[in-house]
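What follows is the residue order along each chain.
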Amino acid sequence: MFVLVEMVDTVRIPPWQFERKLNDSIAEELNKKLANKVVYNVGLCICLFDITKLEDAYVFPGDGASHTKVHFRYVVFHPFLDEILIGKIKGCSPEGVHVSLGFFEDILIPPESLQQPAKFDEAEQVWVWEYETEEGAHDLYMDTGEEIRFRVVDESFVDTSPTGPSSAEATSSSEELPKKEAPYTLVGSISEPGLGLLSWWTSS
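From a predicted model like this one, the values you see are computed outputs, not experimental measurements.

About the thresholds
Residues numbered from 1 in each chain as written. Predicted model: local features only at pLDDT ≥ 70, side-chain atom pairs only at ≥ 80, totals over all residues. Heavy atoms only, no water. 1 Å grid on protein atoms, 1.4 Å probe; cavity = no way out; pocket = protein on both sides within 12 Å on 5 of 7 lines; lining within 4 Å. Points joined across faces, edges and corners; volume = space filled by probe spheres on them. Nonpolar A, V, L, I, M, F, W, Y, C, P; charged D, E, K, R; others polar. Domains from an automatic or database assignment. Core = buried A, V, L, I, M, F, W, Y, C linked by side-chain atoms within 4.5 Å. Buried < 20%, exposed > 50% of the residue type's maximum accessible area, 1.4 Å probe, protein only. Helix = DSSP H or I, 4+ residues; strand = E, 2+ residues; numbered from the N terminus. Contact = heavy atoms within 4.5 Å. Phe/Tyr/Trp six-rings, centres within 6.5 Å; stacked < 30°, edge-to-face > 60°. Pairing = 2+ DSSP bridges. Polar contact = N/O pair within 3.5 Å; in protein donor to acceptor, adjacent residues only side chain to side chain.

Colleague: In this structure, what is going on with the layout of surface pockets? I would like to understand it.
Modeller: Where empty space is left can be seen by rolling a probe of water-molecule size over the atoms. If you add up the space inside the second largest pocket, you get close to 150 Å³. Across the lining of the second largest pocket, the residue classes break down as five nonpolar, two polar and three charged. Both of domain 1 (2-77) and domain 2 (83-160 + 178-200) provide at least three residues apiece to the lining of the second largest pocket.

Colleague: Explain the nonpolar core to me, please; I cannot follow it from the model alone.
Modeller: Side chains that are nonpolar tend, in soluble globular proteins, to be buried together. Core analysis: the largest hydrophobic core is formed by 26 residues, its most contacted members being Val97, Ile109, Met142, Phe150 and Ile190. Secondary-structure elements contributing two or more residues to this core are β5 (84-93), β6 (96-100), β7 (107-109), β9 (126-133), β11 (147-157) and β12 (184-189). Broken down by element, this core gets its largest block of residues, four residues, from β11. Not counting the four nearest positions on each side in its chain, phenylalanine 150 is found in contact with Glu83, Ile84, Leu85, Gly87, Val99, Leu101, Ile107, Ile109, Gly188, Ser189, Ile190 and Leu195.

Colleague: Honestly, the environment of valine 97 in this entry has me stumped. Any pointers?
Modeller: Structurally, valine 97 can be placed in strand β6. Taking the C-alpha atoms as reference, valine 97 lies 8.2 Å from valine 126; in sequence the two are 29 residues apart. Those residues in contact with valine 97 that sit more than four places away from it in its chain are Ile89, Gly91, Cys92, Ile107, Leu108, Ile109, Leu114, Trp127 and Met142.

Colleague: Can you help me understand the packing of aromatic side chains in this one?
Modeller: Given two aromatic rings, one states the distance between the centres and the angle between the planes to describe the pair. A full pass over the atoms with the stated rule returns eleven aromatic pairs. With a centroid separation of 5.1 Å and 50° between ring planes, the pair formed by phenylalanine 77 and phenylalanine 104 is classed as tilted. Note that phenylalanine 77 is positioned in strand β4 (residues 66-77) and phenylalanine 104 in the loop between β6 and β7, a separation of 27 residues in sequence. The pair formed by phenylalanine 77 and phenylalanine 104 is uniform in burial state, with each residue classed as buried. Ring geometry for phenylalanine 120 versus tryptophan 127: centroids 5.3 Å apart, planes at 50°, classification tilted. Judged by its relative accessible area of 7%, tryptophan 127 falls in the buried class. Joined through ring pairs, the aromatic side chains of Phe2, Tyr40, Phe77, Phe103, Phe104, Phe157 and Tyr184 make up one cluster.

Colleague: Can you help me understand the sheet that holds strand β3 (residues 43-59) in this one?
Modeller: The pairing of strands in a sheet comes from backbone hydrogen bonds and takes either a parallel or an antiparallel form. Taken in spatial order, the four strands of this open sheet run β1-β4-β3-β2, and their pairing is antiparallel. Strands with a single pairing partner mark the edges of an open sheet, and in this sheet they are β1 (2-13) and β2 (38-39). Note: β1 against β4, twelve bridges, orientation antiparallel. Within β4, the residue paired with valine 5 across the bridge is tyrosine 74.

Colleague: Even after reading the chapter, I still don't get the side chain of serine 189, so can you show me in this structure?
Modeller: By the secondary structure assignment, serine 189 is in strand β12. Taking the relative accessible area as the measure of exposure, serine 189 reaches 7% and is therefore buried. In this structure the side chain of serine 189 is engaged in a polar contact, spanning 3.0 Å, whose partner is the side chain of serine 191. Leaving out residues up to four positions away in the same chain, serine 189 has contacts with Ile109, Ser113, Phe150, Arg151, Val153 and Leu195.

In structure tokens form, the structure reads like this:
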């Protein structure tokens with residue numbers, strides 16, 4: 001679920017921090033810049049693990065700050081495909097079951113990846129597994145807040161870097177704002193035995 005990623009960045013340290021240890025100032029700046037941010041095709045950055053190399057620091061004309069090229073390792077949330085995770089159901093919609101890990105919430109289990117047969121209850125706004133038994137079908141509801149075990153089957157990165165408006169966008173009204181996309185999304189599946197709500201498999 002968590003991996004160590006080697007990174008390189010140039011860190012600017014303002015003059016009023018020169019009295020501190022350089023490593024402490026650099027660690028603070030790196031966490032300020034990266035913590036809780038998604039790096040494209042890397043994952044969700046959590047915290048600095050360590051600094052492996054500091055190159056020479058430079059002070060440029062007109063800027064009293066020091067600029068240091070830093071080699072470091074960062075703890076990143078980036079589950080591998082087919083990894084099993086446990087989260088909580090954040091809510092349900094016709095698009096599927098939305099899952100949260102607490103610190104990461106852009107997880108979707110689409111309808112075709114649920115235990116089958118499944119149906120969406122419009123009145124309750126929940127997905128239901130119509131579990132077949134010898135006595136007939138039993139409706140197992142996927143309620144908000146329930147713990148759910150799922151397999152990671154796909155991931156999606158979206159480059160959310162700011163871009164200049166196109167001529168078409170410039171002429172459109174301010175009401176037609178584009179839908180904000182999540183920079184990093186996981187797609188899960190519970191369509192196999194042992195996956196799904198923990199209560200399904202632990203109840204006697």
